[in-house]
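Coordinate analysis (summary)
Residue-level listing of the chains:
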Amino acid sequence: MNRAGILFAGLPASGKSTYIGLLFMAIDAGKGSLRLTGFQGDFEYVNELADRLSKCAEAIRTDINLVDGFNAELVTTNGEAFALRLPDYSGETWKTALEARGWSEAVEDEVRTSTGVCLFINVGAVINDGTILEAHRLMSSLGEQADDFTANSSDEEEAVGGTPVVTTQVALVDLIQELTRRRIVNYCRLSLVLSAFDLAGDIAPEKWLELNLPLLDQFLRSNREEIATRVFGVSAQGGRFDRVESKEELRNRPTVERAFVKDGAGRLVAIDAPVLWAADVDLPDA
Amino acid sequence: VSTQLCSVEGCPLQIGGACLEAFDDPADCPNTSDVGLLSSVDEVPAPESEQFGWPTVDGSQSSASKFIAFDSGDSLGLSQANDLRAERPCRFILIAGEVRAGKSTLLAQLFGKFLKGSYEGWTFAGSKTLKAFDIVHAPSRASSGKNSPDTLRTPDEGMRFLHLRLSHASRVDLLLSELSGERFKSVINGASVTDLAPVSSVADRCIVLVDGDALLSASTRGRAFDRARRMIGGLTESGGILAGTPTLLLATKADLWLSVAEAEVAREMEDLTAFSNERGLNARSSSLAARPVGAVVVETGMPDVVRWMVEEDTTTPESSIALPQLGGRRFWQDRNE
């Protein structure tokens, strides 16, 4: 039996847990290419994730105690059996690692030996930080004075090395560099999962990446020989839970029916497609 | 004893240290929860994830779980630059200029270009000093809270380098010096290049910046070029930049002087180029407005600078022909090491 370990990584609230709930719901409902034949781990936690998803409730934050994650024995539709290990680290694990410039030995072991990585980005929580000159130009085009740009700004203060806002794309390039550099083999499969993709509108995931996280996009395109990447857009919830009208509409549809996963070009694919790519599972239709 | 339990992995509070979020009273931190009155700290439940091996006061690691450190992301010191150069071919570009001539602005705007997308056909392929680049670029960003972009003054922390990997048909690793302007001021004033910028002799290329602030008026322009001449003279003395080194002379802040003194500056830059070539360099000149002031001024010069940085070597510094090939050799040796 082939064994695959997949690291689910991402900053806090990036959609990892929601996707795990959706993945196991899809497997349970027979959607996609995987059938579950064995499971080791906290099934109650997985069920809780799935329950919340089906009730249109926000996902629970990953408990940092759940680092043991899950071990699932799966069979693909073409009969290939494989064991999947899914350590479920919280977003704080990765955020703290970037801030503290390091991680625990347990994380290191998972990073070094994993088959692939699913990296999650919540498209509704991307931090971009434009330049002051761009802001001036925008204001000029609106007929406003550049001096009105920031009410509390000051040019009198001497520029000092404070803690700058770290943009999402810089943080993620930083994280991927560390994830891939420390691996035993100089090759990694990466599924870049753009979660809450219903917020992105009618745009293909690869195009969204290029427009919204250009540094990350360049980095992945430049390193495709070492980091084999596929981009996916996932809406595990199928819409916005924080809007009453949307929530009611979503509630009336089965979870695995309302959820969608798109490939980089924007074509609908199976819910388990990001996992299969990261796990290097060869399927005729994958 | 009322005990706070922190949910943030890696927080020193978990091993009796200070709150990671810097709350004086950890109870105020949103990441903590009060686990009740305990008779001793030993009774605090310790989940697996809390076994995080932060360095203790004496620098040792706790035995529960080793903390695995990775690159700081800060600028590289000599030994780190040596290691990188031994690992892969790197093009070392010495960036010379006085205080506020525009060295850090050049680095910030170079990184800033790639934050927006590929530039001049080249794409960002990685950096060992991502954090350092981000910090250099931060004062240009809206989140800095400033009304106009600024640049951090480079502190004199010795020989420091930023790394940028770019990709096109091939890849090129750039090692860009981040040396304090005070060092170049000392070279102008007669100090030895081998003392102040000992890495000069291994520079594959060199950029010399002439501060555009001084080019607007005739009274300061002549003196600025005199100082640039003396800097180039000092940098090309024995132990400095090698003969034949491709050198780009940049008159910075072109947005300030271009409309009123373009011809005068061009003439002076021509003379400076001739002087540099007399000193054995393979020099050419250009102007740069990397961060023009105002809403409508167009940036100029950056495409030329980037193309010059990444273009294939057409010349080889004369004295470097005899140097050993890359691969395990030391890049340079700091006399203080």
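Cut-offs and rules
Note that residues are indexed from 1 along each chain, following the sequence as it is written. Written order decides the labels, with chains lettered from A and ligands numbered from 1. Local features in a predicted model are, by the rule used here, given only for residues with pLDDT of at least 70; side-chain atom pairs are given and counted only at 80 or more, and totals for whole chains, interfaces and linings are based on all residues. Side-chain calculation: all heavy atoms of the structure are included, whereas hydrogens and water are not. Only when DSSP finds a minimum of two bridges between them are two strands counted as paired. Secondary structure elements are taken from DSSP: a helix is a run of H or I of four residues or more, a strand is a run of E of two residues or more, and numbering for both begins at the N terminus. Whether two aromatic rings pair depends on their centres lying within 6.5 Å, for rings of Phe, Tyr and Trp, where Trp uses its six-membered ring; planes under 30 degrees apart make the pair stacked, over 60 edge-to-face, and the rest tilted. Whether a residue is buried, partly exposed or exposed follows from its accessible area with a 1.4 Å probe, protein chains only, as a fraction of its type maximum: under 20%, in between, or over 50%, in that order. Both a distance and an angle decide whether a charge sits over a ring: NZ of Lys or CZ of Arg must be within 6 Å of the ring centre and within 35 degrees of the ring normal. A pair is scored as a salt bridge if a Lys or Arg side-chain nitrogen falls within 4 Å of a carboxyl oxygen belonging to Asp or Glu. To estimate how far a helix should extend, the number of its residues minus one is multiplied by 1.5 Å. Within this analysis, the arc is defined by the directions that extend from the helix axis to the C-beta atoms. For this analysis, residues touch if any pair of their heavy atoms sits within 4.5 Å. Pairs of N or O atoms within 3.5 Å make up the polar contacts considered here, provided that, within protein, one atom can donate a hydrogen while the other can accept it, and that residues adjacent in sequence are counted only when both atoms are side-chain atoms. On a range of 0 to 100, pLDDT expresses the predictor's confidence in each residue. Think of a patch as exposed residues, more than 30% relative accessible area, with no salt bridge, where like charges cluster within 9 Å and nonpolar side chains (Val, Leu, Ile, Met, Phe, Trp, Tyr) cluster within 5 Å. Calculation of accessible area relied on Shrake-Rupley with a 1.4 Å probe; when residues are assessed, cover is drawn exclusively from the protein chains displayed.

**Things to note about the sheet that holds strand β1 (residues 2-10) of chain A**
Residue and element names in this part refer to chain A. Here nine strands make up an open sheet; going across it, the order is β2-β3-β4-β1-β6-β7-β8-β9-β10 and the pairing mixed. Only two strands of the sheet have a single partner each, and these edge strands are β2 (34-40) and β10 (268-269). Pairing analysis gives eight bridges linking strand β7 (residues 188-195) to strand β8 (residues 227-235), with the strands arranged parallel. From the neighbouring strand, S195 faces β8, where its bridge partner is V234.

**Some points on the packing of aromatic side chains**
Evaluation of the coordinates by the stated rule reveals 14 aromatic pairs over all chains. A ring pair is formed by F24 of chain A and F70 of chain A, whose centres lie 6.2 Å apart and whose planes are at 65°; its orientation type is edge-to-face. Remark: F70 of chain A occurs in strand β3 (residues 70-76) and F24 of chain A occurs in helix α1 (residues 16-28); sequence separation between them is 46 residues. Taken as a pair, F24 of chain A and F70 of chain A share a single burial class, namely buried. Ring centres 5.7 Å apart and planes at 80° place the aromatic pair Y89 of chain A and W94 of chain A in the edge-to-face group. Cluster of aromatic residues (ring-pair linked, three or more members): F24, F39, Y45 and F70 of chain A. Here R189 of chain A stacks its cationic end above the ring of W277 of chain A, 3.7 Å away from the centre of that ring. One Lys or Arg, R205 of chain B, reaches over the ring of W308 of chain B and ends 5.8 Å from the middle of that ring.

**Focus: the pairing of β3 of chain A**
Residues and elements named next belong to chain A. Across the two faces of β3 the burial differs, with F70, A72, L74 and T76 buried and N71, E73 and V75 not buried at all. Note that β2 and β3 share six bridges and pair antiparallel. Pairing of Q40 across the sheet is with N71, part of β3. Strand direction decides the pairing type here: β3 and strand β4 (residues 81-86), joined by six bridges, are antiparallel. Residue pairing in the sheet places N71 in a bridge with R85 of β4. Between β3 and β4, which pair antiparallel and follow one another directly, the connecting turn spans four residues, one of which, G79, has a positive phi of 90°.

**Notes on the pattern of salt bridges**
A pair can form between side chains of opposite charge whenever their charged atoms are brought close. Using the criterion set out here, one finds 26 salt bridges over all chains in the structure. What you see here is one network of salt bridges that share partners, running through E108, E178, R181 and R182 of chain A together with D71 of chain B.

**Brief notes about helix α2 (residues 43-54) of chain A**
Residue and element names in this part refer to chain A. With 12 residues, α2 should reach 16 Å at 1.5 Å per residue; the first-to-last C-alpha distance of 16 Å fits that figure. All of the buried residues in α2 are Y45, V46, L49, A50 and L53. Along the axis of α2, the buried positions cluster into a sector of 135°, meaning they face one direction only.

**Topic: the environment of S222 of chain A**
Mapping S222 of chain A onto the fold places it in helix α8 (residues 214-222). The spatial distance from the C-alpha of S222 of chain A to the C-alpha of C118 of chain A is 19 Å, given a sequence separation of 104 residues. Residues contacting S222 of chain A, with those up to four places away along its chain left out, are T123, F124, A125, S167 and R171 of chain B. Within the structure, S222 of chain A has its side chain in polar contact with the side chain of T123 of chain B (distance 2.7 Å). A distance of 3.2 Å separates a polar side-chain atom of S222 of chain A from the backbone oxygen of F124 of chain B.

**A short note on the pairing of strand β7 (residues 171-177) of chain B**
Working note: regular strand, side chains alternate between the two faces of the sheet. Residue and element names in this part refer to chain B. Among the seven residues that make up β7, six are buried, leaving the element largely enclosed by the rest of the structure. The pairing of strand β4 (residues 91-96) with β7 spans three bridges and is parallel. By the bridge assignment for β7, R91 is matched with L174. Where strand β6 (residues 161-167) and β7 come together, seven bridges link them in antiparallel fashion. Opposite R165, over in β7, you have D173 as the bridge partner. Count of turn residues in the β6/β7 antiparallel hairpin: three residues.

**Examining the confidence of the model for chain B**
All names here are of chain B. Mean pLDDT over chain B stands at 79; residues scoring 70 or higher make up 73%. Element-level pLDDT for chain B is lowest in strand β2 (residues 32-37), with a mean of 49, against a maximum mean of 98 in strand β5 (residues 123-126). The low-confidence segment residues 35-63, where pLDDT is below 50, has 49 contacts with residues more than four positions distant or belonging to other chains. Taken together, the stretch residues 320-337 has pLDDT below 50 and engages in 29 contacts with residues farther than four places along the chain or on a different chain. Here the complex is predicted with pTM 0.81, and the ipTM for its interfaces comes to 0.86.

**What about a nonpolar patch on the surface?**
Residues and elements named next belong to chain A. On the surface, I184, V185 and Y187 cluster together into a nonpolar patch covering about 280 Å² of accessible area. The topology assignment puts I184 in the loop between α6 (168-181) and β7. Judged by relative accessible area, I184 falls into the exposed class, the value being 55%.

**Remarks on the environment of N252 of chain A**
Residues and elements named next belong to chain A. Mapped onto the elements of the fold, N252 is located in the loop between α9 (244-251) and α10 (255-258). Its relative accessible area of 66% is what places N252 among the exposed residues. Taking the C-alpha atoms as reference points, N252 and K55, separated by 197 residues in sequence, lie 9.9 Å from one another.

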